[in-house]
Amino acid sequence: MFPLNAWVKDETLIYNKTLSKCDSLKLLSEAPPRGIIVCDDTGFLDDQMDVIDSVTNLAGAIFASTDPSRFDLESMSCPGVLISTTELDTVIDYIKSSDNPTATIKFQQTVTGKEVASSVADYTSRGPSPNCPAVLKPDVMAPGSLVLASWIPNGYTATVGTNTLLSSEGFHLISGTSMACPHASGVAALLRGAHREWSHAAIRSAMMTTANELDSSMMAIKDVGRNFTAASPLAMGAGHVVPNKAMDPGLVYDAAPQDYVSLLCSMNFTRNQIMTITRSNGYDCSESSSLDLNYPSFVAFYDKNVTTGVMLTHRFRRVVTNVGGAGARYEVKVVAPEGVKVTVWPKSLAFEKKNEQRDYNVEIVYPSDGKGRVLYGSIVWVEESGKHAVRSPIVVAPTSAGK
C-alpha cells in the first residue's frame, strides 16, 4: 500500500513495454524501488489503478487515457497523474532521451483562472426528448462537475491503497446532473423571489434567453463527450445559465396551463392521462391542440428516411412579453444554420409599456440530410439601446439525433 505522502519528489521514471501495461502485480513488484511507473493506455484504467494500489515498492504512477470522461476523476487512490495519450508520448520521449529521467507528483490544489470554462460533461443528459421532440431539450446547462457537496458524515469519500478509507467531514466532490440541478433550481428560486409576478414559464425563459453559449475564452462551448467539438443545443440547451442576466431578460416567452394541455392533446394523451398530470378536470382538448408551445427555442426534426435533399418547411409562432422598460424597440438578428433558410416576420417589435405582448412568426426551410448532421443557429431580439439581447437557439436535425 502507498504511504500517505502529500507528494512524490524527484523519483525515477520507469517505462518499458512489459512493465508499462501495469496489469501484473508480480512484474511490478520487481520494478526498481521508489520509481514512478508510466502506464500505457490499454483501455483498462480502473484495472491498472487496482494493480498499482497493491504494489508496495513504487512511489507513484502516471496513467494515460483517450477517454475525456476519465479526466473528471473525483479521487485517485494512489499518488498518480492522469494525462492524455499525446502527453504520454512526450513523457516517453523524455525518458528515452534522458540518462536520469525523474518526475515530481504534487498534491493537487485548487488553481483559478487557468482552465477554460464552461464545457459540456461526457455524462450530461442530452436531447432530444424521446417523448416530445418538438420541444427542445435540454433547456440550459449549469455547474455539475467536481462540485463540493454535502455528504453523509460517516461515509468514506476516498481510498488510499486497497484498504484505507478516508472521510471528509461531511463534504465530497461529486459530479453529475444531480449537482447541476440544484444550481439551476437555486437560480429559479432567486428569480421567483425577485419577480413574484413571473410564471414558471417566464422564469425558465429568462434563464434560457440570457444563457451564455460561449466559454470563458469567448469561444464556442466544447462538448467533452463529443471529442471537444463545439456543443450543440442538444447537449447544452441555450447555454450556460447566467443568474445576474436572468434577473433582467428584457423579453420573456410566457405560457399558461392551457398551453401545456394543448401540447398534451397534440401528443394524443387521453383525458384521464391529462388529468393525472394537471390534477384538475378544468382542462380538456376542446381548444386547439398544438405542438408549437410558446417556448424560447426552435427545433425542426425530420425523418431520417426522407430522401436526401428534399426541402422541408417548418413554421412557428411566438409571443413575447416585455418585462423591461417602456418604450422599448427590438430588431431581430438571425444566425441561420448551415444550408438552412430562416425567415422572421416582423423584423422589429415595439413596446409602449411594460408587460405588453407582441407576436412574431418564423419559417425554417431546410433540406433533409442523409449524413444525419445536427445543424444549429439562433434568433436574437436585440434592443435598440443595446441593453438586452434575447437569444433563442435553433436546431435542425434528424429524429435520431443525440442517440
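Up top is the structure these notes are about.
Residues numbered from 1 in each chain as written. Predicted model: local features only at pLDDT ≥ 70, side-chain atom pairs only at ≥ 80, totals over all residues. Heavy atoms only, no water.

Asks: Account for the state of the cysteines, naming residues and giving values.
Replies: One pass over the structure, following the stated rule, counts 2 disulfides. Disulfide pairing places Cys22 opposite Cys39 at an S-S distance of 2.0 Å. On the sign convention where negative is left-handed, the bridge of Cys22 and Cys39, at about -85 degrees about the S-S bond, is left-handed. Residue Cys22 is found in the loop between strand 1 (8-14) and helix 1 (25-28), and its partner Cys39 is found in the loop between strand 2 (36-38) and helix 2 (45-54); the two are separated by 17 residues along the sequence. Using a relative accessible area of 0% as the deciding quantity, one classes Cys39 as buried. (Disulfide = S-S within 2.5 Å. Helix = DSSP H or I, 4+ residues; strand = E, 2+ residues; numbered from the N terminus. Buried < 20%, exposed > 50% of the residue type's maximum accessible area, 1.4 Å probe, protein only.)

Asks: With reference to specific residues and values, describe the layout of surface pockets.
Replies: In this model, the second largest pocket occupies a volume close to 560 Å³. Taken together, 28 residues form the lining of the second largest pocket, with Ala211, Asn212, Glu213, Val380 and Arg391 sitting closest to its centre. Of all elements in the fold, only helix 6 (233-236), strand 16 (328-335), strand 20 (375-383) and strand 21 (389-398) reach the threshold of two or more residues within the lining of the second largest pocket. For the lining of the second largest pocket, the residue count by class is 15 nonpolar, 7 polar and 6 charged. (1 Å grid on protein atoms, 1.4 Å probe; cavity = no way out; pocket = protein on both sides within 12 Å on 5 of 7 lines; lining within 4 Å. Points joined across faces, edges and corners; volume = space filled by probe spheres on them. Nonpolar A, V, L, I, M, F, W, Y, C, P; charged D, E, K, R; others polar.)

Asks: So what's going on with the pairing of strand 10 (residues 171-174)? Residues and values would help.
Replies: Residue alternation in strand 10 divides its side chains into a buried set, His172 and Ile174, and an unburied set, Phe171 and Leu173. The sheet contact formed by strand 7 (residues 147-150) and strand 10 spans 4 bridges and is antiparallel. Residue Leu148 lies in a different strand from strand 10, and its bridge partner there is Leu173. (Pairing = 2+ DSSP bridges.)

Asks: Residue-level account of the sheet that holds strand 17 (residues 341-345), with values.
Replies: Strand order across the open sheet formed by 4 strands is 13-15-19-17, with antiparallel pairing between neighbours. Looking at the sheet topology across the chains shown, the edges are occupied by strand 13 (251-252) and strand 17. Alignment of strand 15 (residues 311-322) against strand 19 (residues 357-367), held across 11 bridges, turns out to be antiparallel. Following the sheet pairing, Val319 is matched in strand 19 by Asp359.

Asks: Pulling in residues and values, what's your account of the sheet that holds strand 16?
Replies: One open sheet holds the 5 strands; their spatial order is 14-21-20-16-18, and the pairing between them is mixed. On the outer flanks of this sheet lie strand 14 (298-302) and strand 18 (348-351), each paired with one strand and no other. For this sheet, the mean inter-axis angle between neighbouring strands, taken without regard to orientation, is 15 degrees. In terms of strand pairing, strand 16 meets strand 20 through 6 bridges, oriented antiparallel. In the sheet register, Lys333 faces strand 20, and the bridge partner there is Val380. (Axes fitted to C-alpha atoms, helices over the stretch in contact; angles between N-to-C directions.)

Asks: Would you mind going over the nonpolar core in detail, with residue names and values included?
Replies: In terms of nonpolar packing, the biggest core is built from 26 residues, with Tyr360, Val362, Ile364, Ile379 and Trp381 touching the most fellow members. Those elements that place two or more of their residues in this core are strand 14, strand 15, strand 16, strand 17, strand 18, strand 19, strand 20 and strand 21. Here this core gets 4 residues from one element, more than from any other, and that element is strand 19. Once you skip the residues sitting within four places of it in the chain, Val362 turns out to touch Phe298, His314, Arg315, Phe316, Val342, Thr343, Val344, Trp345 and Ile379. In terms of nonpolar packing, the next biggest core, distinct from the first, is built from 17 residues, Ile14, Cys22, Ala31 and Leu45 among them. (Core = buried A, V, L, I, M, F, W, Y, C linked by side-chain atoms within 4.5 Å. Contact = heavy atoms within 4.5 Å.)

Asks: Please set out the side chain of Asp40 residue by residue, giving values where relevant.
Replies: As for its placement among the helices and strands, Asp40 is situated in the loop between strand 2 and helix 2. Residue classification places Asp40 among the buried positions, given a relative accessible area of 12%.

Asks: Tell me about the packing of aromatic side chains, and please be specific about residues and values.
Replies: Going through the model one piece at a time under the given rule, you end up with 4 aromatic pairs. Aromatic side chains Phe298 and Phe316 sit 5.3 Å apart centroid to centroid with 80 degrees between the ring planes, which places their arrangement in the edge-to-face category. Here Phe316 lies in strand 15 and Phe298 lies in strand 14, a separation of 18 residues in the sequence. Judged by its relative accessible area of 0%, Phe298 is buried. Ring plane angle 40 degrees and centroid distance 6.1 Å describe the contact between Tyr302 and Tyr366, whose orientation is recorded as tilted. Placement of the pair is Tyr302 in strand 14 and Tyr366 in strand 19, with a sequence separation of 64 residues. The burial state of Tyr302 is the same as that of Tyr366; both residues are buried. (Phe/Tyr/Trp six-rings, centres within 6.5 Å; stacked < 30°, edge-to-face > 60°.)

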